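Fold and geometry: a report
Each chain is listed here by its residues.
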Amino acid sequence: QVQLVESGGGLVQPGGSLRLSCTASGRTVSRYAMGWFRQAPGKEREFVAAISVSGGGTRYADSVKGRFTISRDNAKNTVYLQMNSLKPEDTAVYYCAANSYGIATNRAAYDYWGQGTQVTVSS
């Protein structure tokens, strides 16, 4: 069992940046591929980014490529999502998730989820 806690969300103006963190407890995050998903009001939860166990492999949704970067620090049991050039359409609750099988973009592949952190992009 692994518990995931997201932090770093908040209100930011369009064009601004935020860095989200996801810290694991219970089991070391180094055993899992990790992902970030988001859910806007009235919409389905969608894939944002994923990273392999080693950190050598990453995947991104087309909507965030070139603006978001996922990374991990296994020594700190933490995964990050650096978000730059934020747009109003990035407004959502952001969730991190852990996957026992490997890097994946499908939310059904993920075993553990955090509670989410709100990101609001507005002027």
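**Section: the pairing of strand E1 (residues 3-7)**
- Of the two faces of E1, the one lined by Leu4 and Glu6 is fully buried and the one lined by Gln3, Val5 and Ser7 carries no buried residue.
- Alignment of E1 against strand E3 (residues 18-25), held across five bridges, turns out to be antiparallel. Bridging from a neighbouring strand, valine 5 pairs with threonine 23 of E3.

**Some remarks on the nonpolar core**
- Formed by 35 residues in total, the largest nonpolar core has its most connected members in Leu4, Met34, Trp36, Leu81, Met83 and Tyr94.
- When residues of this core are traced back to their parent elements, those giving at least two are E3, strand E4 (33-39), strand E5 (46-51), strand E7 (68-73), strand E8 (78-83), strand E9 (92-99) and strand E11 (117-121).

**Observations regarding the environment of phenylalanine 68**
- Along the chain, phenylalanine 68 falls in strand E7.
- A residue is classified by how much of its surface remains accessible, and phenylalanine 68, at 3% relative accessible area, is buried.
- C-alpha of phenylalanine 68 to C-alpha of serine 17: the two residues are 51 residues apart in sequence and 9.5 Å apart in space.
- Contacts of phenylalanine 68, omitting those with residues within four sequence positions, involve Arg38, Val48, Tyr60, Leu81, Gln82, Met83, Asn84, Leu86, Asp90 and Tyr94.

**So, the state of the cysteines**
- For the structure on display, the rule yields one disulfide.
- Between the sulfur of cysteine 22 and that of cysteine 96 lies a disulfide, 1.9 Å long from S to S. On the S-S bond that ties cysteine 22 to cysteine 96, the torsion sits near 50°, and the link is right-handed. Highlighted residues: cysteine 22 in strand E3 and cysteine 96 in strand E9, separated in sequence by 74 residues.

**Here's the deal with the packing of aromatic side chains**
- Tallying each qualifying case throughout the model produces five aromatic pairs.
- Relative to tyrosine 112, the ring of tyrosine 32 lies with its centre 5.9 Å away and its plane at 85°, an arrangement referred to as edge-to-face. One end of the pair, tyrosine 32, is in the loop between E3 and E4; the other, tyrosine 112, is in strand E10 (residues 112-113), with 80 residues separating them in the sequence.
- Judged by its relative accessible area of 3%, tyrosine 32 falls in the buried class.
- Since its relative accessible area comes to 18%, tyrosine 112 is described here as buried.
- In this structure an aromatic cluster arises from ring pairing among Phe37, Phe47, Tyr110 and Trp113.
- The ring of tryptophan 113 has arginine 45 sitting right over it, with the charged end atom 5.0 Å from the ring centre.

Each value, and the rule that gives it
Residues numbered from 1 in each chain as written. Predicted model: local features only at pLDDT ≥ 70, side-chain atom pairs only at ≥ 80, totals over all residues. Heavy atoms only, no water. Buried < 20%, exposed > 50% of the residue type's maximum accessible area, 1.4 Å probe, protein only. Helix = DSSP H or I, 4+ residues; strand = E, 2+ residues; numbered from the N terminus. Pairing = 2+ DSSP bridges. Core = buried A, V, L, I, M, F, W, Y, C linked by side-chain atoms within 4.5 Å. Contact = heavy atoms within 4.5 Å. Disulfide = S-S within 2.5 Å. Phe/Tyr/Trp six-rings, centres within 6.5 Å; stacked < 30°, edge-to-face > 60°. Lys NZ or Arg CZ within 6 Å of the ring centre and 35° of its normal.

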